[in-house]
Amino acid sequence: MSETITVGLGDRAYDIHVGGGMLARAGELLKPFARGPVPVVTDSHLAELHLPRLLDVLRKSGIEASAIVMPPGEVSKSFAGLERLSGALLDLEIDRNGLIIALGGGVMGDLTGFAAGVLKRGVAFAQIPTTLLAQVDSSVGGKTAINAPQGKNLIGLFHQPRIVIADTALLSTLPRRELLAGYAEVVKYGALGDADFFEWLEVNGARALAGEDSAIVKAVAHSCRMKADIVARDERETGDRALLNLGHTFGHALEAACGYSDRLIHGEGVAIGMALAFQLSVKLGLCPGQDAERFVRHLKAVGLPASISDVPGARPGAVELIRHMAHDKKVTDGKLTFILLRGLGRAFVTRDVPLDAVRDVLST
Ligand SMILES: NC(=O)c1ccc[n+]([C@@H]2O[C@H](COP(=O)([O-])OP(=O)(O)OC[C@H]3O[C@@H](n4cnc5c(N)ncnc54)[C@H](O)[C@@H]3O)[C@@H](O)[C@H]2O)c1
């Protein structure tokens, strides 16, 4: 089973090809964009697992592919990582009409997209996302970045890929914890704008997580379609795109309080953050309590954390979390921006939230 979704951005429009086994078609799909040497940027985990097959498929299509292997993890999304990658790309003598391929999770996608965006003032790139998070979120929409010592994703630009190839079969090698973390972003789409999709996930989410072809392809494709629609309406996040940050203000604060360590990975922070956004919405009288309970029930059913007490180790305190939120880049004119809910599938952006209510929710 496969699906193609178009991100409608005029002359920068591109297709996302989702399907089990889609990697086999990478040569044919990338050939129209490939000129000269085509580097595949990946990390050392993927270099072992899926790179050899990709290189083989590309070469069989006559693409002159070679690999640049980076260390896995956020350490590569840094000035040092960018310097190393840019150097390797320049050594390959990529010209401005060339193509760079990112094979990996959000880290490889963000780093490669950013390097492509600044290399020779902009070279085309393609995304082959290999984590669930990258397939449903980071590979779509053109946000690219590296981290600064002052915070995550602070040095970046919008640079849309030319094509995204999401092979859901690649997820079979992903550790369960990473798979679940990506699933938090899938649930997010249901929570923010599509109650029917949320209901579908309640019934079929476990099948998708087990890698059943039709279920995982539908979950990924539907998520991409929702993100593509939002990005096409608001590429630069001046309005609706902020809805995609549901759970992220709380989630980032929790990640920061855990020192961006293994204690809490991004998607887990987002899952707890979304549950907190529901609780805050209920507390402010905006959202029916049953919707919040139903949401938390689904997180728990699939094995995602759903409250601050699920974070292992010492519980991060409300004061500390609010301090982290104030440092988050989603602060405008000194006011915190929250994505709240009027119910399942009905998120909205607001800056009108009393701090006392936030403190209460973080303390209970
Ligand atoms: N650009 C955006 O719009 C956007 C959106 C959300 C998140 N992000 C960024 O994405 C990053 C997180 O991405 P991530 O969660 O994909 O993490 P990641 O890229 O670090 O991948 C997680 C781990 O899984 C491994 N891995 C990847 N695919 C695998 C596979 N198929 N089998 C086995 N192992 C595999 C990786 O080597 C890595 O160790 C963060 O830096 C975040 O800021 C960007």
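Given the structure is predicted, the values throughout are model-derived calculations rather than measurements.

The backbone of Arg121 shows a phi angle near 65°, a positive value even though the residue is not glycine. Here Arg121 is to be found in the loop between α5 (106–118) and β6 (124–129). Among the residues examined, Arg121 registers a relative accessible area of 76% and is labelled exposed. One non-glycine residue, Asn153, lies in the positive phi region at around 60°. For Asn153, the position within the fold is in strand β8 (residues 151–158).

Tallying each qualifying case throughout the model produces 16 salt bridges. The closest approach of N and O atoms between Glu185 and Lys188, which form a salt bridge, is 2.9 Å. With Glu185 and Lys188 both in helix α7 (residues 176–193) and 3 residues apart, this pair spans about one turn of that helix. The burial state of Glu185 is the same as that of Lys188; both residues are buried. Bridged by salt links that share partners, the residues Asp137, Glu185, Lys188 and Lys227 form one connected network.

Another point: the packing of aromatic side chains. Counted according to the given criterion, the structure contains 4 aromatic pairs. Note on Phe197 and Trp200: the rings are 6.0 Å apart at their centroids and 10° apart in plane angle, and the pair reads as stacked. With a gap of 3 residues between them, Phe197 and Trp200 both fall in helix α8 (residues 195–209), about one helical turn apart. Like Trp200, Phe197 is buried. Their ring planes at 45° and their centres at 5.3 Å tell us that Phe250 and Phe338 sit as a pair that is tilted. Highlighted residues: Phe250 in helix α10 (residues 248–257) and Phe338 in strand β12 (residues 338–341), separated in sequence by 88 residues. Among the residues examined, Phe250 registers a relative accessible area of 3% and is labelled buried. A connected cluster of aromatic rings, assembled from ring pairs, spans Phe198, Phe278 and Phe295. Taking the ring centre of Tyr189 as reference, the NZ or CZ of Lys188 above it sits at 5.3 Å. Over the ring of Phe348 we find Arg342; its NZ or CZ atom is 3.8 Å from the centre of that ring.

Let's shift gears to the packing of helix α11 (residues 266–283) against helix α14 (residues 355–363). Taken N-terminus to C-terminus, the directions of α11 and α14 make an angle of 130°; their axes are 10 Å apart at the nearest point. Judged by the inter-axis angle, α11 sits oblique to α14. At the point where α11 passes α14, the crossing takes the right-handed sense. Counted together, Leu276, Gln279, Leu280 and Lys283 of α11 and Ala357, Val358, Asp360, Val361 and Leu362 of α14 form the full contact between these two elements. Considered class by class, the residues forming the contact of α11 with α14 number 6 nonpolar, 1 polar and 2 charged.

This paragraph deals with the packing of helix α13 (residues 318–327) against α14. Interaxial distance between α13 and α14 falls to 9 Å at its minimum, and their mutual angle equals 125°. By the angle between their directions, the pair α13 and α14 is classed as oblique. The crossing of α13 and α14 is right-handed. Between α13 and α14, the contacting residues are Ala318, Leu321, Ile322 and Met325 on the first element and Leu355, Val358, Arg359, Leu362 and Ser363 on the second. Split into classes, the residues belonging to the contact of α13 with α14 amount to 7 nonpolar, 1 polar and 1 charged.

Turning to the sheet that holds β6, a few remarks are in order. The sheet built from 7 strands is open, its strands ordered β1-β2-β9-β6-β5-β3-β4 with mixed pairing. Two strands close off the open sheet at either side, each with one partner strand: β1 (2–7) and β4 (64–70). Ignoring which end each strand starts from, the neighbouring axes of this sheet average 20° apart. Where strand β2 (residues 14–19) and strand β9 (residues 163–167) come together, 5 bridges link them in parallel fashion. Counterpart to Val18 in the pairing with β9 is Ala166. Most of the contacts of α5 go to strand β5 (residues 99–104), to which it runs at about 165°, and overall it touches β3 (37–43), β4, β5 and β6.

What counts as what
- Residues numbered from 1 in each chain as written.
- Predicted model: local features only at pLDDT ≥ 70, side-chain atom pairs only at ≥ 80, totals over all residues.
- Heavy atoms only, no water.
- Helix = DSSP H or I, 4+ residues; strand = E, 2+ residues; numbered from the N terminus.
- Buried < 20%, exposed > 50% of the residue type's maximum accessible area, 1.4 Å probe, protein only.
- Salt bridge = Lys/Arg side-chain N within 4 Å of Asp/Glu carboxyl O.
- Phe/Tyr/Trp six-rings, centres within 6.5 Å; stacked < 30°, edge-to-face > 60°.
- Lys NZ or Arg CZ within 6 Å of the ring centre and 35° of its normal.
- Axes fitted to C-alpha atoms, helices over the stretch in contact; angles between N-to-C directions.
- Parallel < 35°, antiparallel > 145°, perpendicular 65-115°, else oblique.
- Left-handed = near helix turned anticlockwise from the far one by under 90°.
- Contact = heavy atoms within 4.5 Å.
- Nonpolar A, V, L, I, M, F, W, Y, C, P; charged D, E, K, R; others polar.
- Pairing = 2+ DSSP bridges.

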